[in-house]
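Below are the chains, spelled out letter by letter.
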Amino acid sequence: MALTYLGLGTNLGNKQQNLNDAIAALSVEVGGVMAVSSFMVSAPWGFDSENTFLNAVVLMETELPPFALLQKTQEIERSLGRTAKSTHGYTDRLIDIDILLYDNLHIDQPTLKIPHPLIMERDFVLIPLSEIAPDLVHPVTGQKFIDLL
């Protein structure tokens, strides 16, 4: 079993329900949910929108290898109403599920980058991640995530 941290975000519709639906789907399709952070309101990042985001980080145990996990998270996004990933910048979305970490793996492929390349730049990831894993260390830099806040 691998441990994976997933970042969740939504800024359309019933945001709390969107996150709860994503967590429920992940628990059925991906594996055991071991921890869920508090839900955090944040401003849009990387684009302008009138809609604030609701974000969370989930720690899961999974038997899925990384690329199968990516495929499954994208299927869950579509099943919850996400039409397509942004190709030219960020846009409003019903749900977004990002693989932040997967054990201590470092993957740098065109379709999958682990650790997530922007993890250290986003407070809406660092704050909930540090809440559920205050001693967690970045597998590449060796820095504690909580120290990056």
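About the criteria used
- Throughout this document, residue positions are counted from 1 along each chain, in the order its sequence is written.
- Totals for whole chains, interfaces and linings use every residue, but because this is a predicted model, local features are given only for residues with pLDDT of at least 70 and side-chain atom pairs only at 80 or more, for both listing and counting.
- Derived side-chain values reflect all non-hydrogen atoms in the structure, with water molecules and hydrogen atoms excluded from consideration.
- Counted as salt bridges are all cases of a side-chain nitrogen of Lys or Arg within 4 Å of a carboxyl oxygen of Asp or Glu.
- Strands here mean DSSP runs of E at least two residues long; helices mean DSSP runs of H or I at least four residues long; both are numbered from the N terminus.
- Burial here depends on accessible area, computed with a 1.4 Å probe over protein chains only, as a share of the maximum for the residue type. Under 20% is buried, over 50% is exposed, and the range in between is partly exposed.
- Paired rings are identified among Phe, Tyr and Trp, the last through its six-membered ring, by centres lying within 6.5 Å, and are further divided according to the angle between planes into stacked (under 30 degrees), edge-to-face (over 60) and tilted (the rest).
- In this analysis the charged atom, NZ for Lys or CZ for Arg, is taken to sit over a ring once it is within 6 Å of the ring centre and within 35 degrees of the ring normal.
- Any two residues whose heavy atoms approach within 4.5 Å are treated as being in contact.
- Under this definition, polar contacts are N or O atom pairs within 3.5 Å; protein pairs additionally need one hydrogen-donor-capable and one acceptor-capable atom, and for neighbouring residues in sequence, both atoms have to be side-chain atoms.
- Only buried residues count toward a nonpolar core. Its members are Ala, Val, Leu, Ile, Met, Phe, Trp, Tyr and Cys residues joined through side-chain atoms within 4.5 Å.

Looking at the pattern of salt bridges
A side chain with one charge can pair with a side chain of the opposite charge if their charged atoms come near. Here the structure, examined in full by the defined rule, presents eight salt bridges. The residue Asp96 makes a salt bridge to Arg82 at a minimum N-O spacing of 2.8 Å. Within this pair, whereas Asp96 is found in strand S5 (residues 96–102), its partner Arg82 is found in the loop between helix H2 (66–79) and S5, the two being separated by 14 residues in sequence. For Asp96, a relative accessible area of 11% translates into the label buried. Through salt bridges with shared partners, a single ionic network connects Glu77, Arg82, Arg93 and Asp96.

Remarks on the packing of aromatic side chains
This model, assessed by the stated rule, comprises zero aromatic pairs. Across from the ring centre of Trp45, 4.4 Å away, lies the NZ or CZ of Arg122, which sits over that ring.

Some words on the environment of Val33
Checked against the element boundaries, Val33 lands in strand S2 (residues 31–36). Spatially, the C-alpha atoms of Val33 and Gly9 are 17 Å apart, while their sequence positions differ by 24 residues. The residues contacting Val33, other than those within four sequence positions of it, are Ile23, Ser27, Val58, Leu59 and Met60.

Some points on the side chain of Ser42
If you trace the backbone, Ser42 turns up in strand S3 (residues 40–42). Relative accessible area serves as the criterion here: at 11%, Ser42 is assigned to the buried category. Engagement of the side chain of Ser42 in a polar contact is seen with the side chain of Asn55, the distance being 2.6 Å. With residues near it in sequence (within four places) discarded, Ser42 still touches Thr52, Phe53, Asn55 and Phe124.

Description of the environment of Ser27
Inspection of the secondary structure assignment puts Ser27 in helix H1 (residues 15–29). Sequence spacing of Ser27 and Glu61 is 34 residues, and the spatial spacing of their C-alpha atoms is 9.4 Å. Side-chain polar atoms of Ser27 contact the backbone oxygen of Ala24, separated by 2.7 Å.

Focus: the nonpolar core
Of all hydrophobic cores here, the largest spans 23 residues; its most connected members are Leu6, Leu8, Leu26, Ile97 and Ile99. Elements supplying a minimum of two residues to this core: strand S1 (2–10), H1, strand S4 (53–62), H2 and S5. For this core, the leading source of residues is H1, giving five residues. Contact partners of Leu26, with chain neighbours within four places excluded, come to Leu6, Leu8, Gly31, Met60, Thr73, Ile76 and Ile97.

Section: the side chain of Ser130
If you trace the backbone, Ser130 turns up in helix H3 (residues 123–132). A polar atom in the side chain of Ser130 sits 3.4 Å from the backbone nitrogen of Ile146.

Examining H3
Of all ten residues in H3, seven are buried; the element is thus mostly enclosed. Those residues of H3 not exposed but buried are Phe124, Val125, Leu126, Pro128, Leu129, Ser130 and Ile132. Buried positions along H3 lie against S1, S2, S3, S4 and S5.

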